[in-house]
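Chains, contacts and geometry: an overview
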Amino acid sequence: MQFDSKPLSKLAHYDDLTLLPNRILFNEILNKGISQAKRHNKILAILVIDIDFLKESHVALGKEVLDKVIKDTSQRLTASLRTEDILARLEGDQFIVLLNDIAKAKFASSVAEKLLHAFADPIKADSQEFFIKPSIGISVYPNDGHSLEDLLKNADAALFKAKQAGGNIYQFYGKEIESEAREYIQLETSLRKAIKNNELALYYQPKTHLKNGNITGVEALMRWEHPELGIIQPGKFIPIAEDSGMIMEIGEWALRTACRDNKHWQDEGYEHFTVAVNISAKQFYHPEITQVIEKVLKETGLNPQYLELELPESTVMDNIESATNILRELKSTGIQLSIDHFGIGNTSISHLKQFPVSTVKIDKSFIKGVPNNPDDVAITNALIGLVHNLGLEAVAEGVETGEQVQYLVSQHCDIVQGYFLSLPLPADKIVLQFKKLMDKVLI
Ligand code: C2E
Ligand code: CA
């Protein structure tokens, strides 16, 4: 008799009840994941989930009820994960998740929160309601182990602690990640309320033209005025907003506030200049980004030419074809576009040429070494030359000293921005700065 090997291998690799991968297949996937993570320096997390249902007191419920609870559990877990995450059933009432390639170990806590939240409502089976209180143990590659055995063992140890604490919680194996994760989740939770509670603010930093000393624009830099923790810098909360999907809402708030403030300055009689808003990768590649910009411009009445978007070099170089299309669509609304953090990524000159941008901001890490560090000087000169050859304007960011300004003038850099001219200031203070800057002789 001939056997068809496919159904057999399917049987050996998948759980009959939930149709999820079983432990054998999960281990194969995890092993592959670890090799890839080693090769590409990535972070992985595994989450062992125990719903603590198949215990003696439940045996009398009968197989049908037990199966229904396990099936519902697998569906709730699946619905809380992204398609690239791997969910498997280990055995009994234990499941396991692999998060391939997470940016930071602590981000696994958001997933664990979602998984716990999926059981807020009871599972119904045979006209009864069961409240499930899952426990989750998390281990992270490379922090908690470099092999499948170590990662599984340590996730189990963390699970044990979570169960001992009474369940309905998650626990990391490593203490350091555990405390980072708690801080992260607290910030994420309070960030959700920040817009509503009026805790976000835009600070503005002027950009000045070196030819005539005129202000050409201001860059809007977000701050979070947290009621207990004080001012939180964007480096700390923008990644949380990106990771948790809040960036579109927060980004739209920033666009609206920046356009409204600029329109207000124009109505007050200040020189017309652009307001530049930073756009992160997730916003840029969001299918509705152009509609959001158009809506905000319409609502605030700002002429599109006075709004600029700063797009990190890494964002637009990540996926050149679709970036070019998005840039063209954005440009068609009449706004200005500029490439941010230029010089630190892998820019292809031919692509830069086809992007509809008008300015390029040279990353402050190079400006820092000007004029004393020969490497930074050589790179800065080359970048300014390149930008000019493409017919674009060069902005030097992070300019802190008069010496730097002098050097940049000698290299025909167009625009400067940095602490030398002004710190980023809230909207009500920046207007005083405008006046001071108009009177300031740069060199
Ligand atoms: P960025 O776009 O590179 O912004 C410039 C950063 O350099 C700002 O940091 C600014 O305060 C700082 N800076 C300005 N002048 C000087 C100087 O002379 N020396 C030095 N060493 N630093 C200077 P900040 O405000 O902490 O912002 C950090 C990053 O957060 C920004 O980097 C930007 O990528 C991001 N960000 C800020 N606001 C927003 C926003 O509304 N949306 C998004 N998506 N990202 C934002
Ligand atoms: Ca910027």
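Summary of the structure given here. Within every chain, residues take consecutive numbers counted from 1 along the sequence as written. Following the order in which they are written, the chains are lettered starting with A and the ligands numbered starting with 1. In keeping with the predicted nature of the model, local features appear solely for residues at pLDDT of at least 70, side-chain atom pairs appear and are counted solely at 80 or more, and the whole-chain, interface and lining totals rest on all residues. Hydrogen atoms and water are omitted, and side-chain values are computed over all heavy atoms in the structure.

**As for the site of ligand 1**
For each residue, the test is whether any non-hydrogen atom lies within 4 Å of the molecule or strand; if one does, the residue is near. What surrounds ligand 1 is a group of 21 residues, the closest being Gln 205, Arg 223, His 341, Glu 400 and Tyr 419. Within the side chain of His 341, an N or O atom sits 3.4 Å from an oxygen atom of ligand 1. For this analysis, a polar contact is any N or O atom pair within 3.5 Å, provided that within protein one partner can donate a hydrogen and the other can accept it, and provided that sequence-adjacent residues contribute only side-chain to side-chain pairs. A distance of 2.5 Å separates a nitrogen atom of ligand 1 from a polar side-chain atom of Glu 400. Numbering of helices and strands starts at the N terminus; helices are DSSP runs of H or I of at least 4 residues and strands are runs of E of at least 2. Sorting the residues of the shell around ligand 1 by element identifies β9 (215-226), α8 (234-243) and β13 (336-342) as the ones contributing at least two each. Looking at the shell around ligand 1, the element that brings in the most residues is β9, giving 4 residues.

**As for helix α7 (residues 175-194)**
Multiplying 1.5 Å by the helix residue count minus one yields the expected span of that helix. End to end, α7 covers 29 Å across 20 residues, agreeing with the expected 28 Å (1.5 Å per residue, within 8%). Buried within α7 we find Ile 177, Glu 178, Ala 181, Tyr 184, Ile 185, Leu 187, Glu 188, Ser 190, Leu 191 and Ala 194. Think of it in three bands: residues with accessible area under 20% of the maximum for their type are buried, residues over 50% are exposed, and the middle band is partly exposed, with areas taken using a 1.4 Å probe on protein chains only.

**Observations regarding the coordination of the calcium ion (ligand 2)**
Only N, O and S atoms count as donors, using a 2.8 Å cut-off from the metal and 3.2 Å for Na, K and Ca, and because water is excluded some sites may appear unfinished. Distances from the calcium ion (ligand 2) to its protein donors, namely Glu 219 (OE), Asn 278 (OD1), Glu 310 (OE) and Asp 340 (OD), fall within the range 2.2 to 2.4 Å. Along the chain, the residues that donate to the calcium ion (ligand 2) are spaced as E-x58-N-x31-E-x29-D. One end of the pair, Asn 278, is in strand β11 (residues 274-278); the other, Glu 310, is in strand β12 (residues 307-312), and 32 residues separate them in sequence. You can call Glu 310 buried: its relative accessible area is 0%.

**Section: the pattern of salt bridges**
Throughout this description, the term salt bridge denotes a Lys or Arg side-chain nitrogen within 4 Å of a carboxyl oxygen of Asp or Glu. By the definition in use, this model includes 22 salt bridges. For the salt bridge of Asp 101 with Lys 42, the shortest nitrogen-to-oxygen distance reads 3.6 Å. Here Asp 101, found in the loop between β3 (94-99) and α5 (108-117), pairs with Lys 42, found in the loop between α2 (23-40) and β1 (44-50); they are 59 residues apart in sequence, far enough to count as distant. Among the ionic pairs, Glu 219 bridges to Lys 361, the shortest N-O distance being 2.9 Å. Pair noted here: Glu 219 is in strand β9 and Lys 361 is in strand β14 (residues 359-362), with a separation of 142 residues, a long-range link. Residues participating in the shared-partner salt-bridge network are Lys 207, Glu 219, Glu 308, Glu 310, Lys 361 and Glu 397.

**Some words on the packing of aromatic side chains**
Aromatic pairs are defined between Phe, Tyr and Trp rings, using the six-membered ring for Trp, whenever the two ring centres lie within 6.5 Å; interplanar angles under 30 degrees are classed as stacked, those over 60 as edge-to-face, and all others as tilted. According to the stated counting rule, one finds 10 aromatic pairs in the structure shown. With centroids separated by 5.1 Å and ring planes inclined at 65 degrees, the aromatic side chains of Phe 273 and Phe 434 adopt a geometry described as edge-to-face. With a gap of 161 residues between them, Phe 273 in the loop between α9 (247-267) and β11 and Phe 434 in helix α18 (residues 427-439) connect regions that are remote in the sequence. Given the relative accessible area of 2%, Phe 273 is considered buried. By relative accessible area, which is 0% here, Phe 434 ends up buried. In this structure an aromatic cluster arises from ring pairing among Tyr 204, Trp 265, Tyr 270, Phe 273 and Phe 434. It is Arg 223 that lies over the ring of Tyr 203; its NZ or CZ is 5.4 Å from the centre. In this scheme, Lys NZ or Arg CZ marks a charge over a ring once it lies within 6 Å of the ring centre and within 35 degrees of the ring normal.

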